[in-house]
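# Coordinate inspection notes
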Amino acid sequence: TNIVSAGAFLCGGENGLILNCCDVLIQETRIDMKLAETYVMSKDLPRDILSRRKDKIRHSFAITDGHKKTLWMICEHVLSIKTFGEFNPIHLRGKVDPVLAAQACLRTWVFLSPSRDSTAWLVNWLRTQLVMVDGGINAKRLPCAALTRALVWPTSEKSEETLAETMNMDSMFLVQLAQSCHGLIESIPTEAGEAIISRADSERGNSLSV
């Protein structure tokens, strides 16, 4: 996979990101390039590919080099954005649409470790990177908006399931992400917002009753 890594470096931008995600999947899970590209690039999340991966996972979660590279890509292409123009990077050489980057990286993460422990670790890491506190609103509106779009918009035109649901992501974290967008247009669909808040209220009620 040295060739893939070199190709990603030379291409840069969106193609470089996709190649880097594929390189992680090839090295860590031993799937071939064609399958990796299909999984990362498909408009609809290829649930059949992910289901076959889940059937093979039996070990507990542990951070690998593939996870570290994926986190680096999230930092580089999502958490670093500072201007609205970066959401339309067609005129910005080497830049990637942060929503596309978030989707590709999160898909890569869940394929590496499709487990609740893995998602919980990622949520804690994102909270730290975004400087989130319980009950507070984060100042990094644009990264939060990109992550919200990637997580809570349906992953398929044929299904209402979101990437957040596929990853079993904490509802309170999703609520905080949405709040941190400060009303940025179309960061979250109304129906998804109502469902997330309802689940968060239910989870809060369950925790208080324990």
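The coordinates are above.
This section reports on the structure supplied with the text. (Residues numbered from 1 in each chain as written. Predicted model: local features only at pLDDT ≥ 70, side-chain atom pairs only at ≥ 80, totals over all residues. Heavy atoms only, no water.)

Quick look at the nonpolar core now. Counting 53 residues, the largest nonpolar core has Tyr39, Leu151 and Met167 as the members making the most contacts within it. Of all the elements, helix α6 (residues 98-112) adds the most residues to this core, at 10 residues. Every residue in contact with Tyr39, bar those within four places of it in the chain, is listed here: Leu25, Leu45, Pro46, Ile49, Leu50, Arg107, Thr108, Val110 and Phe111. (Core = buried A, V, L, I, M, F, W, Y, C linked by side-chain atoms within 4.5 Å. Buried < 20%, exposed > 50% of the residue type's maximum accessible area, 1.4 Å probe, protein only. Helix = DSSP H or I, 4+ residues; strand = E, 2+ residues; numbered from the N terminus. Contact = heavy atoms within 4.5 Å.)

This paragraph deals with the environment of Pro154. Mapped onto the elements of the fold, Pro154 is located in strand β1 (residues 154-156). For the pair Pro154 and Glu165, spaced 11 residues apart in sequence, the C-alpha separation works out to 9.6 Å. When residues no more than four places from it in sequence are discounted, the contact partners of Pro154 are Ser159, Glu160, Glu161 and Thr162.

Taking 1.5 Å per residue as the helical rise, helix α8 (residues 141-152) with its 12 residues ought to reach 16 Å, and the 16 Å between its terminal C-alpha atoms agrees with that figure. By the criterion of burial, α8 is predominantly enclosed, with 10 of the 12 residues buried. Within the span of α8, buried status applies to Leu142, Pro143, Cys144, Ala145, Ala146, Leu147, Thr148, Ala150, Leu151 and Val152. (Expected span 1.5 Å × (residues − 1).)

Close contact between helix α7 (residues 116-129) and helix α10 (residues 171-180) brings their axes to 11 Å; oriented N to C, the two are set at 30 degrees. In terms of orientation, α7 and α10 fall into the roughly parallel class. The interaxial crossing formed by α7 with α10 has left-handed handedness. Counting all contacts with α7, which are made through Val123, Leu126 and Arg127, the residues of α10 involved are Met172, Phe173 and Gln176. Along the lines of polarity and charge, the residues of the contact of α7 with α10 split into four nonpolar, one polar and one charged. (Axes fitted to C-alpha atoms, helices over the stretch in contact; angles between N-to-C directions. Parallel < 35°, antiparallel > 145°, perpendicular 65-115°, else oblique. Left-handed = near helix turned anticlockwise from the far one by under 90°. Nonpolar A, V, L, I, M, F, W, Y, C, P; charged D, E, K, R; others polar.)

The analysis is restricted to geometry; functional conclusions fall outside its scope.
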